[in-house]
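The chain contents come next:
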Amino acid sequence: MRPIGIIVLNRSFIASVRIIAATHRNLGEMTERNEFRSDLYYRLNVFPISVPPLRQRREDIRQLVRHFVAVLARRMGKQIEQIPEPTMNAFVAYHGPGNVRELQNLIECAVIRSDNGVLPNPLSTSQATTMRPIALRSTFRDREAALILETLRATGGIIGGPQGAAIRLDLNRTTLISRMKRLGVFRPRQRLMGEVDEGSELTI
């Protein structure tokens, strides 16, 4: 067998790139406490941009609502033709402690509940009880579990297939089942008179 020579070149290559890093942490204070590498901080902190929370730039909310409605409706295979003005005003007026992520979660739940092409108001009094787990829980794990359960309710407990929860959540069927097991989410079981029992067993 003929030996093959390997040549390693130690050269510099010029590349034109732009690095954008985002965080909700105060990296300056973390650097002072030796919790973040100072050399990396000063490399990243060339042109800092501070983005205020959504409640301080309410003029952006209407555009964000339309964007999320279009994206999520397409993902779930739904047709949203109308966003009533009271619904839009509710989004604009809401204090939104969860910022853009919470707004997206609220719109996702509204799209799931939508009927006849009209986006319902997820912040209305009549829906306050069912929306509270998603709107107010503090951890992402809780919000994810609540969203999956809400989607299962909307699909009648169907996981797979063209009308199943996996399609609506843009997940593979096996991925959704795995997340349900990890989060301890069970498919709703229909009781008599249409009541829902959240403690039913997860049968695949």
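All of these numbers come straight from a predicted model, not from anything done at the bench.

**A word on the layout of surface pockets**
And step 1. If you add up the space inside the largest pocket, you get close to 920 Å³.
And step 2. Forming the walls of the largest pocket are 19 residues, and the residues nearest its centre are Ala21, Leu44, Phe47, Pro48 and Ile49.
And step 3. A total of three residues in the lining of the largest pocket trace back to one element, the largest contributor, which is helix α2 (residues 38–44).
And step 4. Partitioning the lining of the largest pocket into residue classes produces 12 nonpolar, five polar and two charged.

**Looking at the packing of helix α3 (residues 61–76) against helix α4 (residues 85–93)**
And step 1. One can describe the packing of α3 onto α4 by two numbers: an axis separation of 9 Å at closest approach and a directional angle of 120 degrees. You can see that α3 and α4 cross each other, and the crossing is right-handed. Judged by residue contacts, Ile61, Arg62, Val65 and Arg66 of α3 engage Glu85, Met88, Asn89, Phe91 and Val92 from α4.

**Quick notes on the pattern of salt bridges**
And step 1. Under the criterion given, the structure shown has seven salt bridges.
And step 2. Note that Arg62 and Glu85 form a salt bridge whose closest N and O atoms lie 2.9 Å from each other. Here Arg62 is found in helix α3, whereas its partner Glu85 is found in helix α4, with 23 residues between them in sequence.
And step 3. Judged by its relative accessible area of 28%, Arg62 falls in the partly exposed class.
And step 4. Residue Arg113 is joined to Glu150 by a salt bridge in which the shortest nitrogen-to-oxygen separation is 3.2 Å. Of this pair, Arg113 sits in helix α5 (residues 99–113) while Glu150 sits in helix α7 (residues 140–154), and the two are 37 residues apart along the sequence.

**With respect to the confidence of the model for the protein**
And step 1. When pLDDT is averaged along the protein, the result is 78; 79% of the residues meet or exceed 70.
And step 2. Taken element by element, the predicted model of the protein shows its lowest mean pLDDT in strand β2 (residues 196–197) (38) and its highest in α3 (92).
And step 3. Of the regions scoring below 50 in pLDDT, residues 125–138 engages in 24 contacts with residues more than four places distant in sequence or in other chains.

**Notes on the nonpolar core**
And step 1. The biggest cluster of nonpolar side chains holds 35 residues, and the ones touching the most others in it are Val65, Phe91, Leu103, Ile107, Ile148, Leu176 and Val185.
And step 2. Listed by contribution, the elements that provide at least two residues to this core are α3, α4, α5, α7, α8 (165–168) and α9 (173–183).
And step 3. Residues contacting Val65, with those up to four places away along its chain left out, are Ile83, Met88, Phe91, Leu103 and Ile107.

**A closer look at α5**
An α-helix turns once every 3.6 residues. As a result, residues three or four positions apart point the same way.
And step 1. End to end, α5 covers 22 Å across 15 residues, agreeing with the expected 21 Å (1.5 Å per residue, within 8%).
And step 2. Burial within α5 is extensive, with 11 of its 15 residues counted as buried.
And step 3. Glu102, Leu103, Gln104, Asn105, Leu106, Ile107, Glu108, Cys109, Ala110, Val111 and Ile112 are the residues of α5 that are buried.

Basis of the calculations
Residues numbered from 1 in each chain as written. Predicted model: local features only at pLDDT ≥ 70, side-chain atom pairs only at ≥ 80, totals over all residues. Heavy atoms only, no water. 1 Å grid on protein atoms, 1.4 Å probe; cavity = no way out; pocket = protein on both sides within 12 Å on 5 of 7 lines; lining within 4 Å. Points joined across faces, edges and corners; volume = space filled by probe spheres on them. Helix = DSSP H or I, 4+ residues; strand = E, 2+ residues; numbered from the N terminus. Nonpolar A, V, L, I, M, F, W, Y, C, P; charged D, E, K, R; others polar. Axes fitted to C-alpha atoms, helices over the stretch in contact; angles between N-to-C directions. Left-handed = near helix turned anticlockwise from the far one by under 90°. Contact = heavy atoms within 4.5 Å. Salt bridge = Lys/Arg side-chain N within 4 Å of Asp/Glu carboxyl O. Buried < 20%, exposed > 50% of the residue type's maximum accessible area, 1.4 Å probe, protein only. pLDDT = per-residue confidence, 0-100. Core = buried A, V, L, I, M, F, W, Y, C linked by side-chain atoms within 4.5 Å. Expected span 1.5 Å × (residues − 1).

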